[in-house]
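Descriptive analysis of the structure
What follows is the residue order along each chain.
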Amino acid sequence: MKITEGNLLIDSIKLECGEQLEKINIHYHLLGDINKNPGKVIWICHAFTANSNPADWWPELVGPEKLFDPDKYPIVCANIIGSCYGSTGPSSLNPKTGKPYLRNFPLVTFRDVIAAHQKLKDHLGINKIWMLIGGSIGGFQAMEWECEYPGTAENLVLIATSAEASPWVRAFSQSQRLAILADQTFDGVNPNGGKAGLKAARSIALLSYRGRSSYNITQQDIDSNQLSNYKACTYQDYQGDKLVKRFDAYSYYTLSLMLDSHNVGRGRGSSSKALKQIKSNTLVVGIDSDILFPLEEQRFLAKHIPQTTFRLIHSKFCHDGFLIEHQQLSSIISEFISL
């Protein structure tokens, strides 16, 4: 499998918040060869803390002889602005000061991200994306792209996502930001600050990703006489430490604000009016146990996007089902586009 990592440098983008972001780098992965099959490009939009190599975090779907086989379908995934996996973010140097942005990084929205990714699409010589797909906030990116540039993709796949970040989602985000802000090392001076706060934030986020059903299945203690060191508690510690080793508190804080800003209806009359502009053949997938983006939100998308197929995934793993239930997802997508 041919894997190419690349960077696109963009002079500047006028952000939706009114600020100008200059000297922007977009880091991306290209799996396969666009020149061999330019009419079958799959563009995968990644979720919150993922990187731009979908073979890393969607290994059961992306790879040789998998649903998304790069030898048959060239795959592009770009790291979003604000992340810490190569694209410009809080740890990048501010060209005006020569110092890392850290807490001074501006508010970036998904429309800003798409403006940059549209430039990458043109840079790669892609005329039309055959399939644009994203789960969770990857879905935010994908639907914003089609709302802003209708006809970008022939096929659009939106998984466990919504037209707008709900008050419920924003409350979870704020709780995570409060955890980070409570860490005194998150001071805007120390580039490595906020690690303890990030660990706590991840612990909060996991509750919304996995939900009660998942924890009660996977984190049950065998010893009924146990008084401490419960499996669920050590799991939270483990997952928090795991994220701290690979992610950055400043990027996490920045991306949470981006997540909160999501609303396809902003400036377009309403979400329903915005979604009606989508021209792609669309698949909307919901997860029956998802408490973060419940089924009513995917049904709203399916109702208002003109050419839509709605499918349901059954899972005990709630929102994270879009990463775990690969057999169901492969079957649903295969049926949709007859891979």
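The rules behind the values
- Residues numbered from 1 in each chain as written.
- Predicted model: local features only at pLDDT ≥ 70, side-chain atom pairs only at ≥ 80, totals over all residues.
- Heavy atoms only, no water.
- Helix = DSSP H or I, 4+ residues; strand = E, 2+ residues; numbered from the N terminus.
- Expected span 1.5 Å × (residues − 1).
- Buried < 20%, exposed > 50% of the residue type's maximum accessible area, 1.4 Å probe, protein only.
- Contact = heavy atoms within 4.5 Å.
- Pairing = 2+ DSSP bridges.
- Axes fitted to C-alpha atoms, helices over the stretch in contact; angles between N-to-C directions.
- Core = buried A, V, L, I, M, F, W, Y, C linked by side-chain atoms within 4.5 Å.
- Parallel < 35°, antiparallel > 145°, perpendicular 65-115°, else oblique.
- Left-handed = near helix turned anticlockwise from the far one by under 90°.
- Nonpolar A, V, L, I, M, F, W, Y, C, P; charged D, E, K, R; others polar.

Before going further, it helps to examine helix 7 (residues 249–261). Here helix 7 spans 19 Å end to end across 13 residues, near enough to the 18 Å set by a 1.5 Å rise per residue. Counting buried positions over the 13 residues of helix 7 gives 12, a clear majority of the element. Here helix 7 has its buried residues at Ala-249, Tyr-250, Ser-251, Tyr-252, Tyr-253, Thr-254, Leu-255, Ser-256, Met-258, Leu-259, Asp-260 and Ser-261. On its buried face, helix 7 is in contact with helix 2 (110–123), helix 3 (137–148), helix 4 (167–181), helix 5 (195–218) and helix 6 (231–246).

Moving on, we come to the sheet that holds strand 2 (residues 20–31). If you walk across this open sheet you meet the eight strands as 1-2-4-3-5-6-7-8, and the pairing is mixed. Edge positions in the sheet fall to strand 1 (3–14) and strand 8 (308–313), since each has one partner strand and no second. Across the sheet, the axes of successive neighbouring strands diverge by a mean angle of 20°, strand direction being ignored. As paired elements, strand 3 (residues 42–45) and strand 5 (residues 129–135) share four bridges and run parallel to each other. Paired with Ile-42 across the strands is Met-131, a residue of strand 5. Docked against the sheet, helix 2 engages strand 1, strand 2, strand 3, strand 4 (75–78) and strand 5, running at close to 125° with respect to strand 1.

Attention now goes to the side chain of Gln-236. Considering the arrangement of structural elements, one finds Gln-236 in helix 6. Judged by relative accessible area, Gln-236 falls into the buried class, the value being 12%. Ignoring anything within four residues of it in the chain, the contact list for Gln-236 reads Ser-203, Leu-206, Leu-207 and Tyr-215.

This part covers the nonpolar core. The biggest cluster of nonpolar side chains holds 73 residues, and the ones touching the most others in it are Ile-26, Trp-43, Ile-81, Leu-132 and Tyr-252. A total of seven residues in this core trace back to one element, the largest contributor, which is helix 7. In contact with Ile-81, not counting residues within four places along its chain, are Leu-21, Ile-24, Ile-26, Ser-87, Thr-88, Phe-105, Val-108, Asp-112, Val-113, Ala-116, Leu-255 and Met-258. Of all hydrophobic cores here, the second largest spans 31 residues; its members include Ile-133, Leu-283, Ile-332 and Ile-337.

The next subject is the side chain of Asn-155. Take Asn-155: it is sitting in strand 6 (residues 153–159). Not counting residues within four places of it along the chain, the set of residues in contact with Asn-155 comprises Trp-130, Met-131, Leu-132, Ser-280, Asn-281, Phe-336 and Ile-337.

Contact geometry for helix 5 and helix 6: axes closest at 8 Å, N-to-C directions at 135°. Between helix 5 and helix 6, the angle falls in the class oblique. The hand of the helix 5/helix 6 crossing is right-handed. Counted together, Lys-195, Leu-198, Lys-199, Arg-202, Ser-203, Leu-206, Leu-207, Arg-210, Tyr-215 and Thr-218 of helix 5 and Lys-231, Tyr-235, Gln-236, Asp-237, Gln-239, Gly-240, Asp-241, Leu-243, Val-244 and Arg-246 of helix 6 form the full contact between these two elements. Residues that form the contact of helix 5 with helix 6 fall into these classes: seven nonpolar, five polar and eight charged.

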